[in-house]
Amino acid sequence: MSELDPELKRLFKWSRLTASPQSEEAPLGFGGRVVARRGPASRPTLLLELHQVAWAFMCGSVALIIFGMVVLEKQGSAPQPASEFSSALSFLASNSTQ
Amino acid sequence: MLRDLDLNVADWLARVRKQDQDAARSLVEYLYPTVIRIVRANLPRRAAEEDLAQEIFLKMFAKLDQYEAVMPLEHWVSRIAVNHCLNAIRAQKARPEWRMADLSEEQASVLEAVTTDGADDAHPSPTQLLGARELVELLLDALGAEDRLLIRMLELDELSIDEVGTITGWSATYIRVRAFRARRKLKKKFAELRKAEGL
């Protein structure tokens, strides 16, 4: 392997002597800044949030429709109260006699 | 907390992958010395070391799912750091033209001192040492990004070829060949410098 000239070696040797030990500790708050810039990988995007809202809205709507249909179905199949029949009959009877 | 990381990197990484912010912060602090050493040695001109270190950590987090523990985490991260620094150096605008006439009086006197016979026995003053450092930086600046990295690791940090291979991920053969060429270029630049100064 090629070696450096003695003069160059000397220059590098002198240069090494100047290397002052710099702190290798992370500056205060460095880790926090990196993590803040990184953000959670699974952070919901606006599109994802809209999708979730739309999905929840759709589920709610379907549930409401089903509930409404059940209520209507129950109302449609339920027997009319007897009082309503009797009042209707008496109304018809009174009108027909007149 | 950092000792825990030493004990079980896999568990710690699993926590980071599950978005544990404290674990991520501790991971950054644990790896900071490894990254900042590489950044300081390969800092592009006008770049702030902290900005570059942040970019490296962000890249590390982005690639964390690719880490498969076939090598120590520090080695994996140091390779990311080396590649990121090399790309940053390559991306910067062309180096200003290297002009011998730009040597300061102090640098010129250092150049004369190191080329004088018997300089090995000399006791350089702090100013001369500083001048030597500036001269070395000037010479390294005249090399390409990879050559500069290699010379710095081999000649300044006095790392072995194996150690350079561990940090960079390059093969020993590649390092030897590259270092041979880098030293040749360095010697040529140094000869030009001496010639310009009439030494």
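Nothing here was measured: the structure is a model prediction, and the numbers come from that model.

The rules behind these values
Residues numbered from 1 in each chain as written. Chains lettered and ligands numbered in written order. Predicted model: local features only at pLDDT ≥ 70, side-chain atom pairs only at ≥ 80, totals over all residues. Helix = DSSP H or I, 4+ residues; strand = E, 2+ residues; numbered from the N terminus. Buried ≥ 20, exposed ≤ 12 C-beta atoms within 10 Å, placed from the backbone. Contact = placed C-beta atoms within 7 Å. Core = buried A, V, L, I, M, F, W, Y, C linked by C-beta atoms within 7 Å. Domains from an automatic or database assignment. Nonpolar A, V, L, I, M, F, W, Y, C, P; charged D, E, K, R; others polar.

Scanning chain B from N- to C-terminus turns up 10 helices and zero strands. In chain B, the succession of α and β elements from N to C terminus is α-α-α-α-α-α-α-α-α-α. Residue burial in chain B is summarised as follows: out of 199 residues, 30% are buried. Put simply, of all contacts in chain B between residues at least 6 apart along the chain, 63% involve residues at least 24 apart.

This paragraph deals with the overall build of chain A. A tally of regular secondary structure across chain A gives four helices and zero strands. In chain A, the succession of α and β elements from N to C terminus is α-α-α-α. By the burial criterion, 11% of the 98 residues in chain A qualify as buried.

What follows covers the nonpolar core. Leu11(A), Leu27(B), Val28(B), Val35(B), Val39(B), Ala81(B) and Leu150(B) are the most contacted members of the largest nonpolar core, which has 52 residues in total. When residues in this core are grouped by element, the largest group, 11 residues, is from helix 3 (residues 21–41) of chain B. Built from parts of two domains, this core gets at least three residues from each of domain 1 (2–91) and domain 2 (100–196) of chain B. If we skip the residues at most four places from it in the chain, Leu150(B) touches Val164(B), Ile175(B), Arg178(B), Ala179(B) and Ala182(B).

Before going further, it helps to spend a moment on the interface of chain A and chain B. On the side of chain B, 38 residues touch chain A, which itself brings 29 residues to the contact. Elements represented by at least two residues in the side of chain A that touches chain B include exactly helix 1 (6–18) and helix 2 (30–38) of chain A. A total of 10 residues in the side of chain A that touches chain B trace back to one element, the largest contributor, which is helix 1 of chain A. Counted by class, the side of chain A that touches chain B contains 14 nonpolar, seven polar and eight charged residues.

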